[in-house]
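Understanding the architecture of this molecule
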Amino acid sequence: MKSEKLIVANIKCSGCVNTIVEKLSALEGVDHVNVDQADKSVTVFFEGDLKREVLINRLQEIGYPAVD
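The following paragraphs examine the structure supplied in this document. Along each chain, residues carry numbers from 1 onward, in the same order as the chain's sequence is written. Totals for whole chains, interfaces and linings use all residues, but because this is a predicted model, local features are given only for residues with pLDDT of at least 70 and pairs of side-chain atoms are given and counted only at 80 or more. By convention in this description, side-chain values take in all heavy atoms of the structure and omit both hydrogens and water.

**Notes on the overall build of the protein**
What counts here: Only DSSP runs of H or I with at least four residues qualify as helices, and only runs of E with at least two residues qualify as strands; both kinds are numbered from the N terminus onward. The atom set for the radius of gyration is the C-alpha atoms, and the globule formula is 2.2 Å times the number of residues raised to the power 0.38. Whether a residue is buried, partly exposed or exposed follows from its accessible area with a 1.4 Å probe, protein chains only, as a fraction of its type maximum: under 20%, in between, or over 50%, in that order. Residues are treated as being in contact if the distance between any of their heavy atoms lies within 4.5 Å. Surface accessibility follows the Shrake-Rupley procedure with a 1.4 Å probe radius. Residue values consider only the protein chains on display as shielding.
Across its full length, the protein holds two helices and three strands. Starting at the N terminus and ending at the C terminus, the protein contains elements arranged as β-α-β-β-α. Over its C-alpha trace the protein gives a radius of gyration of 11 Å, about what one expects of a compact globule, namely 11 Å for 68 residues. Counting only C-alpha atoms and orienting by the principal axes, one finds that the protein spans roughly 30 × 20 × 20 Å. Looking at the 68 residues of the protein, the share that counts as buried comes to 29%. Put simply, 64% of the contacts in the protein that link residues at least 6 apart link residues at least 24 apart. Roughly 4,100 Å² of accessible area belongs to the protein as shown, and the carbon and sulfur atoms make up 47% of that amount.

Structural data, given as structure tokens:
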């Protein structure tokens, strides 16, 4: 299993966490998503060749842009 960790500065509440988990979990190949509200990180665990850019784009679409 592969993983990708992204920093998302505007994670502020459990609603944010739930939205991020729901929307990223819907992507093909995603096994599970961990969101750490304290350190503002999103870690996506997946199978296959899911590109980092796909995750970044989905986060942008739902209003949670990743920070470089």
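**Considerations on the packing of helix α1 (residues 14-25) against helix α2 (residues 52-61)**
This is how the line gets drawn: Axes, fitted as lines to C-alpha atoms, cover a helix only where it is in contact. Angles between the N-to-C directions of the axes lie from 0 to 180 degrees. Any angle that falls under 35 degrees is termed roughly parallel, while one over 145 is termed roughly antiparallel, one within 65 to 115 roughly perpendicular, and all others oblique. Put simply, a crossing is left-handed when the front helix is turned counterclockwise from the back one by less than a right angle, and right-handed when it is turned clockwise. Under the convention adopted here, Pro, Cys and the residues Ala, Val, Leu, Ile, Met, Phe, Trp and Tyr are nonpolar, Asp, Glu, Lys and Arg are charged, and Gly plus all remaining residues are polar.
For the pair α1 and α2, the least separation of the axes is 10 Å and the interaxial angle reads 135°. Between α1 and α2, the angle is such that the two are oblique. The two elements α1 and α2 meet at a crossing, and its hand is right-handed. In this structure, α1 uses I20, K23 and L24 to contact α2, whose residues at the interface are L55, R58 and L59. A breakdown of the residues in the contact of α1 with α2 according to their chemical character gives four nonpolar, no polar and two charged.

**Brief notes about the pattern of salt bridges**
For clarity, the cut-off: Criterion for a salt bridge: a side-chain nitrogen of Lys or Arg within 4 Å of a carboxyl oxygen of Asp or Glu.
Summed over all chains, the structure comprises three salt bridges. One salt bridge in this structure joins E4 and R52, with 2.5 Å as the shortest N-O distance. Of the two residues, E4 sits in strand β1 (residues 2-7) while R52 sits in helix α2, which places them 48 residues apart along the sequence.

**Things to note about the nonpolar core**
This is how the line gets drawn: Remark: nonpolar core denotes a set of buried residues (Ala, Val, Leu, Ile, Met, Phe, Trp, Tyr, Cys) joined through side-chain atoms within 4.5 Å.
In this structure, I11, I20, L24, V42 and V44 are the most contacted members of the largest nonpolar core, which totals 18 residues. For this core, the elements supplying multiple residues, two or more each, are α1, β2 (30-36), β3 (41-46) and α2. Take this core: its biggest share by element is four residues, from α1. What I20 contacts, discounting residues up to four positions off in sequence, is I11, V35, V42, L59, I62 and Y64.

**Thoughts on the environment of F46**
Along the chain, F46 falls in strand β3. Put simply, F46 and K2 are 44 residues apart on the chain and 5.4 Å apart in space, counted from C-alpha to C-alpha.

**Digging into the environment of E47**
Among the structural elements, E47 can be located in the loop between β3 and α2. Residues E47 and C16 lie 31 residues apart in sequence; the distance between their C-alpha atoms is 24 Å. Residues in contact with E47, not counting those within four places in the same chain, are M1 and G29.

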